[in-house]
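# Inside the fold
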Amino acid sequence: MAETRTALSKMEAAESELVWNRETVPKVLKIVSTRLSQRDLVSLLLVSPWLYRSLVSYPSIWLSLDFSEMGNAGNRLVAALSLPRYCYVKQIKLEFAQDIEDKHLELLKIKCLDSLQNLECLNLNGCQKISDKGIEAITNACPMLKVFSIYWNVRITDMGIKHLVKNCKYVTELNLSGCKNISDKSLQLVAENYPKLELLNLTSFTDEAYKSISFLTQLKFLDLCGAQNLLDEGLACVAKCVNLVCLNLTWCIRVTDVGVICIAQGCTSLEFLSLFGIVGVTDKCLEALSRSCSNTITTLDVNGCIGIKRRSRDELLHLFPHLKCFKVHS
C-alpha cells in the first residue's frame, strides 16, 4: 500500500513538473526574456531542453545582436547569423568590436543573405578594418537598412558611400563623423539620395558641402561637432532645415553671431543647442534665439563662449525659462 502511494506521489510530481514546464515556464520566460541581455539569453539556452524550446519559440527576442568591444567579433557574427533563431534580426551592433574585417561582411552576404533581409540598424562605429569593399558587401545584403553608423573609420572613401546610397534606399539615420577619407562628394550623395533623412552626424567637409544639408528638409537631429570648416554661409543653409530639434555646433570655431541668428530665425522648434567652445558668438545671438525659441529650448551649452557675457544660470533662465540642462560637454 505504501509503495502504491509512493508511486502515485511520484507520478503526480512528474505530472506537475510537466505542466510547469509546458505552461508556466513559457509564460514567465515570455515576460522576463525581453529584459535580459543577449549573453544571458544565450546562457539560458543551455540550462534545459524546455528552456531552449521555449526561448527559441519567441522570434521577438532574437532581433538584436551585440558584439560591441568583443574579440573575434567577425567569426562570432557569422556563426550567430547562421543560426535559425536569428533569421529575422533587425539590429546589429559592432561598435569598436575587434577582428571584424571585410572578409566577414563578404561571408555574411554569401552565407547569411536571408537573415539580413530585415536588418534595419547596423553600427560599425570604430571598426577600423572595414573598407569600401566591406561596405559594398554588407549594404548589398541589407536592402531595408534605416540606421547606419560608421563613426571614426579612416578607410572608407566616397566609393563606400556610393555603395550605401545605391543599395540602401530607406536610410533615415546616418553617422559619418570622423570618416576623414570621404570628400564633399559623399555629403552631396547623401543629400541627393536621402531626402527623408532625420538624423545626421558628420565632420570634415568644406563649407560649400555643408550648404547641401539644406536639401534635407526632414532633418531633426544634426551633429556637426568639430566641423571646423563650417562658416556662417553654410550654417545659413542649415537653417533651411526648419524641422530641426537638435543641433550640435560644438567646436565649430569659425561660426559667428551671423550664422546662429540664421538658425534662430529658421529653426524655431529647437530643443537642444550646443555652442560649446565657439568664441565668435556673443549675447546678440542668444537674444535672437530667445525671441524665436524661448518656449522650446531645454538644453543649451554656451560654456567656453567667451564672447557671451550674460551666461550665468539665472541669466540664461531669464532668456530660456524652460532650460533644464546647461552643460552638454564636461
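Structure shown above.
Basis of the calculations
Residues numbered from 1 in each chain as written. Predicted model: local features only at pLDDT ≥ 70, side-chain atom pairs only at ≥ 80, totals over all residues. Heavy atoms only, no water. Helix = DSSP H or I, 4+ residues; strand = E, 2+ residues; numbered from the N terminus. Buried < 20%, exposed > 50% of the residue type's maximum accessible area, 1.4 Å probe, protein only. Contact = heavy atoms within 4.5 Å. Areas by Shrake-Rupley, 256 points an atom, 1.4 Å probe, with all protein chains shown as cover. Lys, Arg positive; Asp, Glu negative; His and termini not counted. Charge placed at Lys NZ, Arg CZ, Asp CG, Glu CD. Core = buried A, V, L, I, M, F, W, Y, C linked by side-chain atoms within 4.5 Å. Arc of directions from axis to C-beta. Salt bridge = Lys/Arg side-chain N within 4 Å of Asp/Glu carboxyl O.

## Some thoughts on the overall build of the chain
The helix and strand tally for the chain stands at 13 helices and 10 strands. Expressed as lengths along the three principal axes of its C-alpha atoms, the size of the chain is roughly 95 × 50 × 30 Å. Relative to its 330 residues, the chain shows a buried fraction of 46%. The contacts of the chain with a sequence gap of at least 6 include a subset with a gap of at least 24, amounting to 72%. Split by element, the accessible area of the chain, about 16600 Å² in all, is 54% carbon and sulfur. Within the chain, one finds 37 positive and 34 negative side-chain charges whose respective centroids are separated by 3 Å.

## Observations regarding the nonpolar core
Leu81, Ile92, Leu94, Ile213, Leu224, Leu249 and Leu286 are the most contacted members of the largest nonpolar core, which has 97 residues in total. Filtering out sequence-adjacent residues up to four positions away, leucine 286 remains in contact with Leu300, Val302, Ile308, Arg310, Leu316, Leu319 and Phe320.

## With respect to helix 4 (residues 73-81)
For helix 4, the set of buried residues is Ala73, Gly74, Leu77, Val78, Ala80 and Leu81. The buried residues of helix 4 occupy an angular sector of 165° when projected down its axis, which confines them to one face.

## Quick look at the environment of leucine 275
As for its position among the elements, leucine 275 is in the loop between strand 9 (272-274) and helix 12 (283-293). In this structure leucine 275 touches Leu249, Val260, Cys285, Asp301, Val302 and Cys305, once residues within four positions along its chain are discounted.

## A short note on helix 3 (residues 49-56)
Among the residues making up helix 3, those that are buried are Leu51, Ser54 and Leu55. Viewed along the axis of helix 3, the buried residues span an arc of 95°, placing them on a single side of the element.

## Considerations on the pattern of salt bridges
This structure, assessed with the given rule, holds four salt bridges. Residue lysine 211 is joined to glutamate 208 by a salt bridge in which the shortest nitrogen-to-oxygen separation is 3.3 Å. The partly exposed category is assigned to lysine 211, whose relative accessible area is 26%. Between arginine 310 and aspartate 283 there is a salt bridge, and its shortest N-O distance comes to 3.6 Å. Of this pair, arginine 310 sits in the loop between strand 10 (299-301) and helix 13 (313-319) while aspartate 283 sits in helix 12; the two residues are 27 residues apart in sequence, bridging distant segments of the chain. The exposure class of arginine 310 is partly exposed, given its relative accessible area of 38%.

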